[in-house]
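Chains, contacts and geometry: an overview
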Amino acid sequence: MVMAKGPGLYSDIGKKARDLLYRDYQADHKFTITTYTADGVAITSTGTKKGELLLADVNTQLKNNNITTDIKVDTNSNVYTTITVDEPAPGVKGIFSFIVPEQKSGKVELQYFHEHAGISTSLGLTATPVVNFSGVAGNDTVVFGTDVSFDTATGNFIKYNAGVSLTTSDLIASLALNDKGDSLSASYFHTVSPLTNTAVGAELNHRFSSNENTLTIGTQHSLDPLTTLKARVNNYGKASALIQHQWRPKSLVTVSGEVDTRALEKSAKIGLAVALKP
């Protein structure tokens, strides 16, 4: 059964612009390889070099009917387990996650997708849990939503955000009030040419407590069906660019760089990400 197409979840507000401006940019060296066993288990190994530090993890994913189990082990011997159940009831997804050895990391989440609404509720599995609720309502054009977290241990709201998104045939604009009302974020994503995957986008963040503004603008363009270019710059003079090439199906090589135009004497940051899938 296919979930009802609707406004999605609160995290989808502004996602297109965020993906354009921040996704795939890499300041480190990252290598990922995925293999599959004979019975369909996917094993993904990832290694990341951050300066002199080398981090690694191994993720195993098993799918059985509508149940997906992900188990990841990192270099600090932490074991992350996530069990996802798709469609136990129409439009519902259930997610159970925990981290070993962190005893208070257990969390259960229920998501509900409707033609005109999307709801996500999570509960920490402790005696005094943090409860999170996010919900959106709307249609193909306008979506309103809120995201709230309540700490039962202190009796305080630790997060409350609100957002709105407007979508047309080639433009997505969003406005969100975050950080308990201390920051306002406005973004837009504009499709220039669907044939070449050409798009432009921008995000403006204003923090009321410091009266600080951060403006980031970016663009993307596909040279061919397998090669994509992206670039961005912000009002602090940080300019970044990347080229991503799919040299075989689902296998990507991404080279990205960042330079501070206000301090050109500093070395540019170069990142490399390689993802291999059979």
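Residues numbered from 1 in each chain as written. Predicted model: local features only at pLDDT ≥ 70, side-chain atom pairs only at ≥ 80, totals over all residues. Heavy atoms only, no water.

1. Observations concerning the overall build of the protein chain
Put simply, the rule is: Segments assigned H or I by DSSP are reported as helices when at least four residues long, segments assigned E as strands when at least two residues long, and all are numbered from the N terminus. Residues are treated as being in contact if the distance between any of their heavy atoms lies within 4.5 Å. Surface accessibility in these figures is a Shrake-Rupley result with a 1.4 Å probe; residues are shielded only by whichever protein chains are displayed. A residue counts as positive if it is Lys or Arg and as negative if it is Asp or Glu; His and the chain ends are not included. The atoms used to mark charge sites are NZ of Lys, CZ of Arg, CG of Asp and CD of Glu.
The helix and strand inventory of the protein chain stands at one helix and 19 strands. At a minimum sequence separation of 6, the contacts of the protein chain that also span at least 24 residues come to 26%. When the accessible area of the protein chain is evaluated, it comes to approximately 16,400 Å², of which 61% is carbon and sulfur surface. When the 25 basic and 26 acidic side-chain charges of the protein chain are each reduced to a single mean position, those positions are 3 Å apart.

2. Some details on the side chain of S149
This is how the line gets drawn: By the criterion applied in these results, polar contacts are pairs of N or O atoms within 3.5 Å in which, for protein atoms, one can donate a hydrogen and the other can accept it, and in which residues neighboring in sequence qualify only through two side-chain atoms.
Among the structural elements, S149 can be located in strand β10 (residues 142–151). A distance of 2.5 Å separates a polar atom in the side chain of S149 from a polar atom in the side chain of N132. In this view, S149 contacts V130, V131, N132, N156, F157, I158 and K159; residues no more than four positions away in its chain are not counted.

3. Side note on the nonpolar core
So the rule is basically this: The term nonpolar core refers to a set of buried residues drawn from Ala, Val, Leu, Ile, Met, Phe, Trp, Tyr and Cys, joined through side-chain atoms within 4.5 Å. The cut-offs for exposure are 20% and 50% of the maximum accessible area for each residue type, with area from a 1.4 Å probe on protein chains only; residues under the lower value are buried, those over the upper are exposed, and the others partly exposed.
In terms of nonpolar packing, the biggest core is built from five residues, these being Y10, I13, V136, V143 and A176. What I13 contacts, discounting residues up to four positions off in sequence, is R18, V136, G145, G163, V164, S165 and S174.

4. Some points on the environment of F189
The topology assignment puts F189 in strand β13 (residues 183–193). For the pair F189 and P225, spaced 36 residues apart in sequence, the C-alpha separation works out to 21 Å.

5. Considering the pairing of strand β6 (residues 92–100)
Remark: a regular strand shows side chains that alternate across the two faces of the sheet. Note the following rule: The rule for pairing is simple: two strands pair if DSSP sees at least two bridges between them.
Alignment of strand β5 (residues 79–86) against β6, held across eight bridges, turns out to be antiparallel. Counted as the bridge partner of V79 is V100 from β6. Hairpin connection from β5 to β6: five residues lie between these consecutive antiparallel strands, with E87 at a positive phi of about 55 degrees. Here β6 runs beside strand β7 (residues 107–114); their pairing, made up of six bridges, is antiparallel. Counted as the bridge partner of F96 is V108 from β7. Here β6 folds back onto β7 in antiparallel fashion, the turn holding six residues.

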